[in-house]
Structure formats: structure tokens, C-alpha cells
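Chain and residue survey
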Amino acid sequence: MIRLNLDMSRPLRIEFPGATYHITARANAKQRLFTSPRDANYFLDLLEKEIVQQKWLCYSYCLIESHYHLVIETTEPNLGRGMGRLNMTYSQWFGRKYQQPGHLFNGRYKTILFQKKRYLKEVCRHVVLNPVRLELVKRADQWRWSSYRPLAYGSTEPEWLNRNWLDEQFDENSNSSNKHWENYVLQDKSNLSPWDNIRSGQYLGDEKYLNNISKKIMNLPLEQVPKTVVRPNRPSPKKVLKSLSVASGITEKELLNRKFSQDGFRAAVYLLRRASNLPLKEVARMGNVSESRISQIQKAIDEKGGINAACPWGKSLTKLL
């Protein structure tokens with residue numbers, strides 16, 4: 001069963017059995033979600049209730065003063081039901097305890113739907129390294145409020161934290177997989193983020209995975225949903241530049257040099273915006289021009305009738321859109 005969880009003011013939520021998500025929620029304005037160990041423990045107690053009730057698998061978590069991260073796999077299409085109750089219950093408790101009216105959370109939680117087999121290990125590492133990136137601690141093992149230490153040290157607490165994935169991801173027995181996890185996190189010097197490969201703002205996976213997600217949502221009612229998130233398999237920036245390079249005979253590097261070829265440059269920035277849906281700011285940075293210049297190029301090509309009419313090699317590039 002596939003479920004589409006949405007309304008006119010909310011982002012697209014794709015729910016199906018076996019879906020794996022990175023989830024984050026932040027405090028409103030300059031508020032804090034967790035002001036004491038009691039707050040954090042209460043939130044984890046509520047999380048445990050939802051994990052049990054919804055039959056979720058929790059692979060990783062990290063609580064920071066202003067926000068939290070979770071990695072959850074759903075065995076049923078029920079993420080919205082459980083997350084809605086989790087945040088609402090905690091917000092009500094927090095408001096009563098601290099006599100703090102108003103919204104605790106800054107909008108709804110955000111999700112990234114990702115390919116478990118390929119990215120689970122990397123996403124879980126990214127989650128537990130959050131306190132290090134924020135310079136709250138120097139090492140992940142110094143942060144109490146994450147899943148790093150239970151997984152690294154073989155602890156049985158919390159009971160609801162799934163540990164089976166370690167053996168699967170590291171292809172080892174339970175005794176050595178904990179050590180491999182410890183080394184994998186503590187020895188990471190790459191500074192790479194799994195979100196560097198994100199597609200359409202909320203999907204992470206290879207082409208086969210993204211095509212499969214696209215098929216799952218193809219026949220769902222999407223009238224109220226932005227087209228940018230309906231197409232998980234929209235082409236990556238790398239694919240756009242490669243396709244344009246093949247069509248034009250201009251190298252990928254030269255395509256982003258407006259002094260080398262005006263036609264190539266205009267086609268590149270147009271497709272990076274329209275096909276890959278990169279933010280205006282990012283495309284402007286790549287092209288070393290102003291955001292207004294990128295907008296002008298987009299408008300000019302659209303007014304000419306699109307890439308096919310405005311570009312000498314446009315016909316072969318329409319498949320990217």
C-alpha cells in the first residue's frame with residue numbers, strides 16, 4: 001500500500017512499507033527543544049511509544065538543544081501519523097511544563113526519503129556527527145544524546161534502537177560490527193555530506209531507486225503538490241552538464257564559462273534551473289554571475305519557446321525537462 005500524506009499547506013509525504021527516512025524538526029525562532037536531561041529523556045520516551053505503536057525501525061537519532069534528527073524505517077505507511085503525535089504530545093507537555101504558549105516547533109518536520117541499502121550507513125554517521133559539526137564536542141563519543149555510543153559500545157539500551165543493521169552494513173558478526181561502526185564514525189575525515197547527492201530536495205538514491213519511487217507516486221493525486229518534488233528521478237546537475245556537453249561538443253567546465261560560449265552558458269544555467277531544479281543562488285555561484293542574470297537567461301529562453309527553440313542543440317536536450 002502506498003499513501004500520499006498532504007494538504008494544501010503541507011509538503012509531499014510519500015509513505016509505503018519499507019520506506020526509510022531521515023527526519024529532522026527544529027524549534028521555532030530562538031527557542032530550545034531541550035533545556036535539560038529531563039526534557040530529552042521525556043522526548044525519547046515518547047519516541048519509544050511511537051516506535052512500538054507504529055512498528056517502526058529506528059536506526060539512528062541525535063538530540064541537539066534546538067533540533068533533533070531521526071533515521072526511521074516504516075513497516076507500514078504511517079510516518080505522518082506517528083510523527084504528528086510525537087511532536088504534538090511533546091510540544092503540549094513542554095508548553096505546560098515551562099508555561100510557554102505558542103508554537104514550539106518551526107513548522108512541520110522535514111524528511112528525506114533515501115535508499116537504505118546504499119545510504120543507511122552514511123546517513124546514520126552524518127546524524128551522530130552533528131554535534132561535532134556544530135562544535136559542541138570534538139568527538140561523537142563525547143555526546144550523550146545520540147545513538148553513536150549504544151551502537152559503538154554494544155549497549156542494550158535503549159531497547160528500541162535497532163542494531164541488526166550493523167551486521168548487514170558492515171558484513172560482520174555482532175562483536176566486530178560495533179568496532180567497525182566506531183572506526184567508521186571516529187575516523188571520518190572526509191567532511192562529505194550524503195545530502196550532496198540529494199534529488200528534488202527530498203530523495204536520495206541511485207537511478208533505479210529514484211525511478212522506482214517515481215512509479216510508486218505516478219498515479220497518486222498530486223494536483224496540490226509542486227512538480228519539483230513529484231519527480232524524484234529528475235536529472236542531476238552532473239547528468240545535465242554531461243548531456244549538454246555531448247550535444248554541443250563543449251566540455252563541461254567550459255559550459256559554465258560565459259566567455260567561452262554564450263550559447264553553451266545560457267543552455268547550461270537554464271537546464272540546471274529547469275531540469276535539475278538547483279536553487280537560483282547555487283546556479284549563480286556555479287556560473288559566477290548574479291542571480292538576476294540567471295533569472296534573465298531563464299526568462300529569455302522561455303519567451304523564445306524553450307530550450308528547443310533557443311538553443312542550436314536544444315532538440316536533443318528536451319528529454320531532460
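Provided above is the structure to which this section pertains.
Residues numbered from 1 in each chain as written. Predicted model: local features only at pLDDT ≥ 70, side-chain atom pairs only at ≥ 80, totals over all residues. Heavy atoms only, no water.

Quick notes on a negative patch on the surface
There is a patch of like negative charges on the surface, built from Asp45, Glu48, Glu157 and Glu159. Here aspartate 45 lies in helix α1 (residues 37–54). (Patch = residues over 30% accessible without salt bridge, like charges linked within 9 Å, V, L, I, M, F, W, Y side chains within 5 Å. Areas by Shrake-Rupley, 256 points an atom, 1.4 Å probe, with all protein chains shown as cover. Salt bridge = Lys/Arg side-chain N within 4 Å of Asp/Glu carboxyl O. Lys, Arg positive; Asp, Glu negative; His and termini not counted. Charge placed at Lys NZ, Arg CZ, Asp CG, Glu CD. Helix = DSSP H or I, 4+ residues; strand = E, 2+ residues; numbered from the N terminus.)

Some points on empty space enclosed by the protein
The final tally for this structure, using the stated rule, is 2 cavities of 30 Å³ or more. In this structure, the second largest cavity occupies an estimated 30 Å³ of space. Around the second largest cavity sit Gln31, Ser91, Phe94, Gly95, Gln100, Pro101, Gly102, His103 and Leu104, which together line it. Here the lining of the second largest cavity is built from residues that sort into 3 nonpolar, 6 polar and no charged. (1 Å grid on protein atoms, 1.4 Å probe; cavity = no way out; pocket = protein on both sides within 12 Å on 5 of 7 lines; lining within 4 Å. Points joined across faces, edges and corners; volume = space filled by probe spheres on them. Nonpolar A, V, L, I, M, F, W, Y, C, P; charged D, E, K, R; others polar.)

Regarding helix α8 (residues 207–217)
All of the buried residues along α8 are Tyr209, Leu210, Ile213, Ser214 and Ile217. Across the axial projection of α8, the buried residues extend over an arc of 140 degrees, all falling on one side. Residues of α8 that are exposed and point more than 90 degrees away from the buried face comprise Lys208 and Lys215. (Buried < 20%, exposed > 50% of the residue type's maximum accessible area, 1.4 Å probe, protein only. Arc of directions from axis to C-beta.)

Focus on the packing of aromatic side chains
What the rule picks out here adds up to 17 aromatic pairs. Aromatic side chains phenylalanine 34 and tyrosine 90 sit 5.7 Å apart centroid to centroid with 45 degrees between the ring planes, which places their arrangement in the tilted category. Pair noted here: phenylalanine 34 is in the loop between β3 (19–26) and α1 and tyrosine 90 is in helix α2 (residues 79–98), with a separation of 56 residues, a long-range link. The burial state of phenylalanine 34 is the same as that of tyrosine 90; both residues are buried. (Phe/Tyr/Trp six-rings, centres within 6.5 Å; stacked < 30°, edge-to-face > 60°.)

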